[in-house]
Amino acid sequence: MRIALDATPLTISSGGLPRYVTELSIALAKEFPDDIYYLLSDQPFQMPERAPANLVRGRQPHSAAERRWWLWGIQHAIRQTGAEVFHGTNFEVPYLGSTPAILTIHDLSPWRERAWQPYTHNSEADRVRWRTPWLVRLRRARMIITVSEAVRREVIEHFGVSPDRVRAVPLAASSHFRPVPPTSPAPKPFFLCVATLEPRKNISALIEGWRESSLQTGADLVIAGRNRADFEEIFPIEGLHLLGEVSDQELPRLYSDALAFVYPSHYEGFGLPVLEAMQCGCPVITSRDPAITEVAGGAAVHTSSSQEIAEAMRDIAANPRLRNLLSGAGLERAASFSWSRTARETHAVYAAVTEDGR
């Protein structure tokens, strides 16, 4: 089988979207070595490291017409590959064409709280809000993939689609996320948050909870992640460390050294950093968002306010036994996810749409 995937998320420097396309495409190529997988985009992107030989870069647009990517250019690129399926990895599929298409809807944040997404004219979020409902209603996407059952239920209700058109395929933490031996000498105790800094991540409650508990815990707060343009500036506070973007090679050390990973996001489609922290043996404090609760599977402390965050921080800092229990539960939970599983379940959707078209 020949499959084309939208590689546009690989133009983003960090976050869940490039992680999804990178890990999924590599796992697909490894799990199904007789298939050929093409990464397509109208924008320059870096191929994933360790890409198997059957994971290749497709053509980019060569003319003005082809630069109208989702209308014309993508069709030319797909025809050149001979792909039997196109996988839109981030809310979009071609507007026209006969190649069966699958659409991944990661979450419904573009249609939720206005404050979570920029509503400027012709922004990426604005285009998603306008385009995706039409792609679903006109059945340009024969099947829809979500990354959790929580979002699957939302998609069925919000778009009014038949349940048999929507499949939940969970993600996983990359294999390089694993416990790292303790740093010597031990750093000052700290709590960690890793996230793209945007309104939805509820960073203000995180900082408030940390400040409320810091006298008792004696711990700093470390926040790693790129700032989205619409995120308000965080002013300097003693003990608060803003690292900006951190490489994948550095993250396992941060997760392993932290007292706990704190992720109070208002809303997620999956919450991949929660699983990354667990796979490094880091205790997790997170929100009661349905998708995160589904992913955590009882192996995290769930909170709903800055006061509850502060209480959880105090408990974990003061109780080594609780930290060990959460660490063990998180490692066990993370082991139930794998990108091999994600690839197999995604490939089953590819097979289903090609069978339907015969």
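Shown above is the structure to which this text applies.
Please read all numbers here as calculations on a predicted model, not as lab measurements.

To find leftover empty space, one rolls a probe the size of a water molecule over the atoms. What the second largest pocket holds in volume is close to 300 Å³. Forming the boundary of the second largest pocket are 13 residues, of which Ile-203, Ser-204, Phe-231, Glu-232 and Ile-234 lie nearest the centre. Here the residues of the lining of the second largest pocket sort into seven nonpolar, three polar and three charged.

Further remarks concern the nonpolar core. Core analysis: the biggest nonpolar cluster contains 82 residues, and Leu-192, Ile-203, Ile-223, Tyr-255, Phe-261 and Met-278 have the highest contact counts within it. Broken down by element, the residue count for this core peaks at seven residues, all from helix 1 (residues 16–31). In contact with Phe-261, other than residues within four places in its own chain, are Leu-192, Cys-193, Val-194, Tyr-255, Pro-273, Val-274, Ala-277, Cys-282, Pro-283, Val-284 and Ile-285.

This paragraph deals with the pairing of strand 4 (residues 85–88). Residues of strand 4 alternate between two faces, with Val-85 and His-87 on one and Phe-86 and Gly-88 on the opposite face, all of them buried. Sheet topology places strand 4 next to strand 5 (residues 101–104); three bridges connect them, and they run parallel. When the bridges of strand 5 are listed, His-87 appears paired with Ile-102.

For the rest of this paragraph, the subject is the packing of helix 9 (residues 306–318) against helix 10 (residues 320–334). At a closest axis distance of 5 Å, the pairing of helix 9 and helix 10 adopts a crossing angle of 100 degrees. What the angle tells us is that helix 9 and helix 10 run roughly perpendicular. Counting all contacts with helix 9, which are made through Asp-315, Ile-316, Ala-317 and Ala-318, the residues of helix 10 involved are Pro-320, Leu-322, Arg-323 and Leu-326. Here the contact of helix 9 with helix 10 is composed, by residue class, of six nonpolar, no polar and two charged.

Let us look at helix 10. Three- or four-residue spacings in an α-helix give side chains the same orientation, since the helix completes a turn every 3.6 residues. Here helix 10 contains 15 residues, and its C-alpha end-to-end distance of 21 Å stays within 8% of the 21 Å for a straight helix at 1.5 Å per residue. Looking at helix 10, one finds that the buried residues are Leu-326, Ser-327, Gly-330 and Ala-334. Seen along its axis, helix 10 keeps its buried residues to an arc of 105 degrees; they face one direction. Away from its buried face by more than 90 degrees, helix 10 exposes Arg-321, Asn-324 and Glu-332. Elements in contact with the buried residues of helix 10: helix 7 (272–279), strand 13 (301–303) and helix 9.

Looking now at the sheet that holds strand 9 (residues 220–224). As summarised here, the arrangement of the six strands in space is 10-9-8-11-12-13, forming an open sheet in which the pairing is parallel. At either margin of the open sheet sits one strand with a lone partner, and together these are strand 10 (240–244) and strand 13. Between one strand axis and the next, the sheet turns through 25 degrees on average, direction left out of account. Relative to strand 9, strand 8 (residues 190–194) is paired through five bridges, and the arrangement is parallel. Residue Val-194 lies in a different strand from strand 9, and its bridge partner there is Ala-224. Contacts from helix 7 reach strand 8, strand 11 (260–263) and strand 12 (284–287) within the one sheet, and its direction differs from that of strand 11 by about 175 degrees.

Bringing the sheet that holds strand 4 into the picture now. If you trace the seven strands from one edge of the open sheet to the other, you get 3-2-1-4-5-6-7, paired in parallel fashion. Each end of this open sheet is capped by a strand with a single partner; those strands are strand 3 (55–57) and strand 7 (166–168). The mean inter-strand angle of the sheet, taken between neighbouring strand axes irrespective of direction, is 25 degrees. In the sheet, strand 5 pairs with strand 6 (residues 143–146) via three bridges, with the strands oriented parallel. Bridge pairing in strand 6 links Leu-103 to Ile-144. In this fold helix 4 (residues 149–159) packs onto strand 6 and strand 7, with an angle of close to 165 degrees to the strand it touches most, strand 7.

Turning next to the environment of Val-262. Note that Val-262 resides in strand 11. Sequence separation between Val-262 and Thr-22 is 240 residues, and the spatial gap between their C-alpha atoms is 25 Å. Those residues within four positions of Val-262 in sequence are excluded, and the remaining contacts are Phe-191, Leu-192, Cys-193, Leu-206, Ile-285, Ile-309 and Met-313.

A full pass over the atoms with the stated rule returns 14 salt bridges. Here Arg-19 makes a salt bridge to Glu-276, at a shortest N to O gap of 3.4 Å. One end of the pair, Arg-19, is in helix 1; the other, Glu-276, is in helix 7, with 257 residues separating them in the sequence. Each member of the pair Arg-19 and Glu-276 is classed as buried. Of the charged contacts, one joins Arg-253 and Asp-257 as a salt bridge, the two residues approaching to 3.6 Å between their closest N and O atoms.

Attention shifts here to helix 1. The end-to-end C-alpha distance of helix 1 is 22 Å, a good match for the 22 Å that 16 residues give at a rise of 1.5 Å each. For helix 1, the buried fraction is high: twelve of the 16 residues fall into the buried class. Burial in helix 1 covers these residues: Pro-18, Arg-19, Tyr-20, Val-21, Thr-22, Glu-23, Leu-24, Ser-25, Ile-26, Ala-27, Leu-28 and Ala-29.

Basis of the calculations
Residues numbered from 1 in each chain as written. Predicted model: local features only at pLDDT ≥ 70, side-chain atom pairs only at ≥ 80, totals over all residues. Heavy atoms only, no water. 1 Å grid on protein atoms, 1.4 Å probe; cavity = no way out; pocket = protein on both sides within 12 Å on 5 of 7 lines; lining within 4 Å. Points joined across faces, edges and corners; volume = space filled by probe spheres on them. Nonpolar A, V, L, I, M, F, W, Y, C, P; charged D, E, K, R; others polar. Core = buried A, V, L, I, M, F, W, Y, C linked by side-chain atoms within 4.5 Å. Buried < 20%, exposed > 50% of the residue type's maximum accessible area, 1.4 Å probe, protein only. Helix = DSSP H or I, 4+ residues; strand = E, 2+ residues; numbered from the N terminus. Contact = heavy atoms within 4.5 Å. Pairing = 2+ DSSP bridges. Axes fitted to C-alpha atoms, helices over the stretch in contact; angles between N-to-C directions. Parallel < 35°, antiparallel > 145°, perpendicular 65-115°, else oblique. Expected span 1.5 Å × (residues − 1). Arc of directions from axis to C-beta. Salt bridge = Lys/Arg side-chain N within 4 Å of Asp/Glu carboxyl O.

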